[in-house]
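The lines below spell out each chain.
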Amino acid sequence: MKKTALLVGLMLAGAAMAQTKNPGTLINVSISDWSSFDPAHCYDTACAEVLQNTLETLYFPKGTSSTQFAPLLAASMPTISNGGKTYTIKLNTKARFSDGSPVTAADVKYSIARQVLMSTDDGPAALLLEPLLGDAAPLKKDDAAAFDRVDKAIQTRGNDTVIFNLAKPFAPFVSALAHNAASIYSKKAAVAAGEWDGTKASWAKFNNAPLGESKYANVTPLGSGPFVLQRYDKGQQVVLAKNAKYWRAPAKLNVVVLKRVDEPATAVQMLRTGDADQIGVGAYPRNQIKNFQGLPGVKVIDNVSTLVLQAMFMNFNIKGTNYLGSAKMDEKGIPANFFSDVNVRRGFAASFDYQTFIKDQLLGAGTQTNTVLVKGLAGYTNSLKYKFDRTAATNYFKKAWGGKLWDAGFTVPVFYNSGNANRQKAAEILKRNIEAINPKFHVDVREAQFSSILADAAAKRMTVWMLGWQADYADPHNFAQPFLASTGNYPQNTGYKNARVDALINQAVATTDPAKRTALYKQIEQIGFNDVAEVPLWQGISYTVQRDWVKGRVLNPLYSGDYYYYTSK
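Under an unreviewed UniProt entry, the name given to the protein is ABC-type transporter, periplasmic subunit, and the source organism is Deinococcus maricopensis.

Chemist: Honestly, unusual backbone geometry in this entry has me stumped. Any pointers?
Modeler: As a rule of thumb, non-glycine residues mostly have phi less than zero, and peptide bonds are mostly trans rather than cis. Phi angles above zero are rare outside glycine, and Asn22 is one such case at about 50°. Tracing the chain through its elements places Asn22 in the loop between β2 (8–11) and β3 (25–30). Here Val532, not a glycine, exhibits a phi torsion of approximately 50°, which is positive. With relative accessibility at 1%, the residue Val532 sits in the buried group.

Chemist: Would you mind going over the side chain of Thr161 with me for this structure?
Modeler: Here Thr161 lies in strand β9 (residues 161–165). Its relative accessible area of 2% is what places Thr161 among the buried residues. For Thr161, the side chain forms a polar contact with the side chain of Asp160, separated by 3.2 Å. When residues no more than four places from it in sequence are discounted, the contact partners of Thr161 are Thr88, Ile89, Lys90, Ala105, Gln155 and Thr156.

Chemist: Looking at this structure, how should I read the state of the cysteines?
Modeler: In a disulfide, the sulfur atoms of two cysteines are held together by a covalent bond. For the structure shown, the criterion picks out one disulfide. Disulfide pairing places Cys42 opposite Cys47 at an S-S distance of 2.1 Å. For the disulfide bridge between Cys42 and Cys47, the dihedral angle about the S-S bond is near 100°, and by the sign convention the bridge is right-handed. Since its relative accessible area comes to 0%, Cys42 is described here as buried.

Chemist: Explain the confidence of the model for the protein to me, please; I cannot follow it from the model alone.
Modeler: In low-pLDDT regions, the fine details of the predicted coordinates are not to be read closely. Scored by pLDDT, the protein has a mean of 93; 97% of the residues are at 70 or more. Segment residues 1–18: pLDDT under 50, and 48 contacts once partners within four positions in sequence are set aside and those in other chains are kept.

Chemist: I would appreciate a short explanation of the sheet that holds strand β18 (residues 410–417) in the present structure.
Modeler: For sheets, the rule is that strands pair by backbone hydrogen bonds, running either parallel or antiparallel. Read across the sheet, six strands follow the order β17-β21-β15-β20-β18-β19 without closing on themselves; strand pairing throughout is mixed. One side of each edge strand has no neighbouring strand; the edge strands of this open sheet are β17 (366–368) and β19 (441–448). The mean inter-strand angle of the sheet, taken between neighbouring strand axes irrespective of direction, is 25°. Here β18 runs beside strand β20 (residues 464–470); their pairing, made up of two bridges, is parallel. Its bridge partner being in β20, Val414 is matched across the sheet by Val464. Sheet contacts for helix α10 (residues 342–349): β15 (308–314), β18 and β21 (535–540); angle to β15, the most-contacted strand, approximately 135°. Lying over the sheet, helix α15 (residues 450–458) contacts β18, β19 and β20, oriented at roughly 100° with respect to β20.

Chemist: What am I meant to see in the domain arrangement of the protein here?
Modeler: How big an interface is tends to be stated in terms of the accessible area lost upon association of its parts. Looking at the protein, the domain boundaries give domain 1 (35–213) and domain 2 (308–540). Here the C-alpha centre of domain 2 lies 31 Å away from the C-alpha centre of domain 1. At the interface, 22 residues of domain 1 touch 19 residues of domain 2. For the domain 1 and domain 2 pair, buried surface summed over both sides reaches about 1,500 Å², with 63% attributable to carbon and sulfur atoms. Counting every contact that joins domain 1 to domain 2 gives zero salt bridges. For the interface between domain 1 and domain 2, the tally reads three residue pairs in polar contact (both at pLDDT 80 or more). For the side of domain 1 that touches domain 2, the secondary structure elements donating two or more residues are α3 (126–133) and α5 (173–177). Of the residues assigned to the side of domain 1 that touches domain 2, the class counts are ten nonpolar, six polar and six charged.

About the cut-offs
Residues numbered from 1 in each chain as written. Predicted model: local features only at pLDDT ≥ 70, side-chain atom pairs only at ≥ 80, totals over all residues. Heavy atoms only, no water. Helix = DSSP H or I, 4+ residues; strand = E, 2+ residues; numbered from the N terminus. Buried < 20%, exposed > 50% of the residue type's maximum accessible area, 1.4 Å probe, protein only. Polar contact = N/O pair within 3.5 Å; in protein donor to acceptor, adjacent residues only side chain to side chain. Contact = heavy atoms within 4.5 Å. Disulfide = S-S within 2.5 Å. pLDDT = per-residue confidence, 0-100. Pairing = 2+ DSSP bridges. Axes fitted to C-alpha atoms, helices over the stretch in contact; angles between N-to-C directions. Domains from an automatic or database assignment. Buried area = accessible area lost by both parts, 1.4 Å probe. Salt bridge = Lys/Arg side-chain N within 4 Å of Asp/Glu carboxyl O. Nonpolar A, V, L, I, M, F, W, Y, C, P; charged D, E, K, R; others polar.

Okay, here's the thing in structure tokens:
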């Protein structure tokens, strides 16, 4: 076990076994399906795991560290000038795409420009928009200056140099370049496939285009990673094959199979027989760990630290009528703006039994966390907590909507993704406690595919849903911005907006003094807590399981799933 500055990581080396089943092929099981393989749309760990292994970025997390990065497609760390606003990056001229063609500065510029110009509702463009243009708000097709601003922000010099001209100093910029949002792929292949041609004349056509129009919804772009996508059985499994023309030393595995297995009992049996080699970190709930322990030839690795915050989200202005029931303030449904009343949100926050959930469902392996400053990041204190209090919840609900809610009642759907027993239990606890307050209050716990929840949330159709956020990079900004900024990932889904919070977040990310910066984030977390912008619930401690014959596996809290380049069996 090796400790980093912020987190505990693990470098694992399993003991060789005499009889390795399916040598050269590794099968990983987990519970999520895959939303898409287009970097402009992919913003969840399941799809990002595929991109992480088939495409590459300029920089990549170093070993088990969440704070250190090493050059990957870059030849070295960037030269930073102009008061922290200009990053000059030389490319590694040995880098090649999987068809053998070189990775050039034009490919880098195209890939990142396409990300920010597409600015999809469900994608990660904000990670690059903010440092490059000074605002995380998505670009719109009627913005006549957008292309020129992006073109000015990303310059090339010859085939091997890229110059990023930032709108403002942005300390985590290298971290952002290491995220799958900044995945690099072949411009020539993308244009040939029918994607944006890289010109000013055509970018608006692709701006916020729906996923269904992407050429990369079900296949990956031509990348330079150690693996290539060999096969995709939608919703069931992804098969990756070794990149035969990989520009560095080839991967040790010939094939990696990412298999969706929702039932923990099935995963246990597959590990027992060797039909699976490992499970994803945190894939199955804590109460299943005992079923893996003691299996012959199977190793359980516990206390795997993560930078993941689990939360309950409430949509302030629900679009469409799919989940509204009567769409009125009555016992059969809710109006679209039901959660715009803070007393409703406070009532929900006071109705969740945090400690019982952590004790019974997580078996104590978690921390009640009700703000966006999580353990492992600067400023974490965990001093602000919601309290499970039925009397307080009753009072909030009686105040809601001028007193009308208490007499009218409601029915609200609460969603969790298939196979996620922790989120299912959280939704069931919420249902039990809210329905005990008033017989006219009803919570309809619903199961849905992971990708469906993401799509509905992006389209602002969701009502209430349980989800987790894994850090893109280890900085409090990466929680404050996506959870609380009006341009952040979740406020874009829920409609939360607080101008004071927006100003503080912009001030904090540009502040270099650590103490002043921490003080700003504490103001931000206090406002978010008071507003109940969402209800952060818990930060867990995860475990994973692997066969003894799996060797060289590296666990890093910034990885999306696993990075299989180091792994062998």
